[in-house]
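# Chains, contacts and geometry: an overview
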Amino acid sequence: MQTAPSRPPRLKTQLTLVFGTLVVLASLVLTWALGDMLRGRVRSDAGRTLTFMASNAAQVLAAGLHANAVTASVLSQRESIWAGGLASPEAKRVLEVIEATAPSVNLWVGLADEDGVVRASTGNRLLGASVRERPWFQRGADGLFVGDVHPAKLLATLLPAARDGEPQRFVDYAAPLFRDGQRIGVLGVHASWGWAGDVIDTVLSGEAKAAGIEIFIFNREGEVIFAPGGQSQKLAAAGVRIPTFDNRAAGPALVKWHDGGEYLSAAVRLPAQAQVSDLGWTIVAREPAGRVFAAVKDATRQVLLIGIATALLGSLLAGYAAGRLGADLRRLSRAARDVELGVPGARIPAAVSSAELRTLSESLGSMTQRLVAARDDLEVQVRQRTLELEQANIELGRQAQTDALTALPNRRRFDALLEHALADACHEGHALSALMVDADHFKRINDVHGHAVGDEALKTLAAALRARLRDTDVVARYGGEEFAVLLPRTTGDRALLVANQLVADIGSRTYPVYGALTVSIGVASCERGAVAPAVLMQQADDALYRAKAEGRNRACPHDGTGSSASA
Ligand SMILES: Nc1nc2c(ncn2[C@@H]2O[C@H](COP(=O)(O)OP(=O)(O)OP(=O)(O)O)[C@@H](O)[C@H]2O)c(=O)[nH]1
């Protein structure tokens, strides 16, 4: 079975879909491209900020380590201070000065003799205690020493917890003390590791903190030694190490941290100002990737929303334009159908949706008007030709039933009229009579005066017959010089009377050229049409034959009972 072809979608639907899809696709591409560009730019800016902060922190930390090391070194070499021994008031004052330079940092400053016994200290803490086994004492005896972060051992119970709540940890500075070129002991400074937190707190602006930026410090082995929020020792205990950068030299990178989060991270090596204070730290600043790219996300979402809104608006406008175009096209096709069907007054309307369609509609309009005018002309011509044809047919029909010479009905017409008259007579119960009229010795006229004169004689005879009879009587040329006459509502007697009058009238005239002309007439009648046409005419012909036989120029009835007369 053949299925009907599916109807294609409307122009308005097609344009709306195509336009909307295009704008949505364009918006997606634009959003992606813009997002990519913004991500790159934001990442670069944020990375620079992180690097800057990590560098700042690293420099301040390096400067602090160096400054403390230098202080310890310079003081240890001032033999005049230690000339009075380790427990002298002079030495004690120096310890207090060192503590006073940073009371919240330099928590313990002390002097140990060659045996490792503490001879003087701030707050007299550990006075008399042995520090022989402590690394700062052992390393400090050999020369200036800066010790990496470590938990408090002997001082753990003597000092309050750090400000962040964690147990105290120290960075140690130590240097040997000499008198007269002879080493007499070791100067030790235990600086609170809270110092690192203070440095980082200073480096990080409030804005940076609000943005979630944090700074971590990792030691030479990659172990965490400082983490924000008092998490340092907890993370260290958990074995947290510096996160893996794909390529640390390439600068800030998106890195996965121990907590599973992704952070934009920048790592800076501690820029040590002297070999002794180079503890090999790495300072890492990080910012959550979600926060770094939050603005990008917002911007791309806005662009996407604007794109979708534009697509909707564009689709609506495209739909409106296509609707106008479609309405014009529908009006044009309706008008074209009306023109095709010949609806009166149908014409192609002017399109309003676009200049091109208006030009098309105007061209179609003028073409249609010309076609309609041509069709109307053609129809007028066809009607005229048809009328002429009908008239020609009527004329042809008339000619087919008319005798050309006398303009009387011919025999064919007479036969039809006879049948009709007989039917009438039958229907109405009237009498009907027929005459058969024949020119006498007509051959002579032809022979003597020529055929043309004979024709004139026949026309004269026809006119005479027509002039003498009623309008309701029928006069026809029956053939040659013979004429047939029908007299409706006429009895045989009356018909014989009329025939005699005709014989007398025609025979009494004098005609030009041929002089005299007579006729013989046979008369036949019937009552109520009770006879066949051929029979009636045969009877008239028989009567004519008798009139000829009886001497011509007379009328004879068929049954012979009527009087036969001669003019
Ligand atoms: N000029 C002319 N002659 C015709 C026409 N029709 C018939 N005739 C002539 O009529 C003549 C008839 O001659 P006939 O039949 O001998 O009859 P008639 O001479 O009239 O003699 P009767 O009838 O016996 O009195 C012929 O010469 C025909 O040629 C016609 O249309 N024009």
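Because the structure is predicted, anything quoted here is derived from the model rather than measured.

A word on the site of the ligand. Within the structure, the ligand sits among 16 residues, and His441, Phe442, Asn446, Arg477 and Arg552 are positioned closest to it. Surface burial for the ligand is 69%, taken as the share of its 660 Å² of free accessible area covered by protein chains. Secondary structure elements with two or more residues in the shell around the ligand: β11 (431-439), α12 (442-449) and α13 (451-468). Per-element tally for the shell around the ligand: the top contributor is α13, with four residues. Residues that form the shell around the ligand fall into these classes: three nonpolar, five polar and eight charged.

Structurally, the position occupied by Thr490 is in the loop between β13 (482-488) and α14 (492-507). In this structure the side chain of Thr490 is engaged in a polar contact, spanning 3.3 Å, whose partner is the backbone oxygen of Leu487. Of the polar contacts made by the side chain of Thr490, one reaches the backbone oxygen of Pro488; its length is 2.8 Å. The residues contacting Thr490, other than those within four sequence positions of it, are Ala431, Leu432, Ser433, Arg470 and Ala495.

Attention now moves to the sheet that holds strand β5 (residues 182-192). An order of β2-β1-β5-β4-β3 is seen for the five strands of this open sheet, with the pairing classed as antiparallel. Of all strands in the sheet, those with a lone pairing partner are β2 (118-121) and β3 (145-151), marking the two edges. Across this sheet, the average inter-strand angle for adjacent strands is 25°, counted without regard to direction. The sheet contact formed by strand β4 (residues 169-179) and β5 spans 10 bridges and is antiparallel. Looking at β5, one finds that Phe178 is bridged to Arg183. In this fold helix α1 (residues 11-77) packs onto β1 (106-113), β3, β4 and β5, with an angle of close to 25° to the strand it touches most, β4.

This next bit is on the UniProt feature "transmembrane region" (unreviewed entry) in the protein. Mapped onto this numbering, the UniProt entry gives "transmembrane region" (unreviewed entry) at residues 15-34 and 303-323. Taken end to end, residues 15-34 has its terminal C-alpha atoms 28 Å apart, with 100% of it in helix and 0% in strand. Counting secondary structure, residues 303-323 comes out at 100% helix and 0% strand; the distance between its end C-alpha atoms is 29 Å.

Right, let's talk about the state of the cysteines for a bit. In protein chemistry, a disulfide is the covalent bond that joins the sulfur atoms of two cysteines. Applying the stated rule across the entire model yields zero disulfides. Sulfur of Cys526: no disulfide; nearest cysteine sulfur belongs to Cys426 and is 9.4 Å away.

A word on a nonpolar patch on the surface. Judged by side-chain polarity, Leu11, Leu15 and Leu329 come together as a nonpolar surface patch covering roughly 210 Å² of accessible area. Assignment of secondary structure puts Leu329 in helix α9 (residues 294-341). Looking at Leu329, the relative accessible area reads 38%, which means it is partly exposed.

A contiguous patch of positive charge on the surface is contributed by Arg7, Arg10, Lys12, Arg330, Arg334 and Arg337. Tracing the backbone shows Arg10 in the segment before α1.

The next thing to look at is the environment of Val94. Residue position: Val94 is located in helix α3 (residues 89-101). A residue is classified by how much of its surface remains accessible, and Val94, at 11% relative accessible area, is buried. When the C-alpha atoms of Val94 and Trp82 are compared, they prove to be 9.7 Å apart, with 12 residues separating the residues in sequence. The residues contacting Val94, other than those within four sequence positions of it, are Leu75, Ile81 and Trp82.

About the cut-offs
- Just so you know, the residues in each chain are numbered from 1, in the order the chain's sequence is written.
- Only residues with pLDDT of 70 or above have their local features reported here, since the model is predicted, and side-chain atom pairs are shown and tallied only from 80 upward, although totals for entire chains, interfaces and linings are computed over all residues.
- Note that the side-chain values use all heavy atoms of the structure and ignore hydrogens as well as water.
- For this description, a residue counts as near a given molecule or strand if any of its non-hydrogen atoms is within 4 Å of it.
- With residues, only the protein chains shown are counted as cover, and all accessible areas are computed by Shrake-Rupley using a 1.4 Å probe.
- Secondary structure elements follow DSSP: runs of H or I of four or more residues count as helices, runs of E of two or more count as strands, with numbering from the N terminus.
- Here the term charged refers only to Asp, Glu, Lys and Arg, the term nonpolar to Ala, Val, Leu, Ile, Met, Phe, Trp, Tyr, Cys and Pro, and the term polar to all other amino acids, Gly among them.
- Any N or O atom pair separated by 3.5 Å or less is treated as a polar contact, with the protein-specific requirement of one donor-capable and one acceptor-capable atom, and with residues adjacent in sequence counted only for side-chain atom pairs.
- A contact between two residues is defined here by any heavy atoms of the two lying within 4.5 Å.
- When DSSP finds two or more bridges between a pair of strands, those strands are recorded as paired.
- Helix axes use the C-alpha atoms of the stretch in contact, all axes being lines fitted to C-alpha atoms, and the angles between their N-to-C directions lie in the range 0 to 180 degrees.
- UniProt positions are given in the numbering used here, feature names are shortened, and annotations may be inferred rather than shown by experiment.
- In this description, the term disulfide denotes a pair of cysteine sulfurs within 2.5 Å.
- Two distance rules govern patches: like charges are joined within 9 Å, and nonpolar side chains (Val, Leu, Ile, Met, Phe, Trp, Tyr) within 5 Å, applied only to residues with over 30% relative accessible area and no salt bridge.
- Salt bridge, as applied in this entry: a Lys or Arg side-chain nitrogen positioned within 4 Å of an Asp or Glu carboxyl oxygen.
- Burial classification: accessible surface area is computed with a 1.4 Å probe over protein chains only, and a residue below 20% of its type maximum counts as buried, one above 50% as exposed, and the rest as partly exposed.
- Positive charges come from Lys and Arg, negative ones from Asp and Glu, while His and the chain ends are left out of the count.
- Charge placement uses NZ in Lys and CZ in Arg. For Asp and Glu, CG and CD serve respectively.

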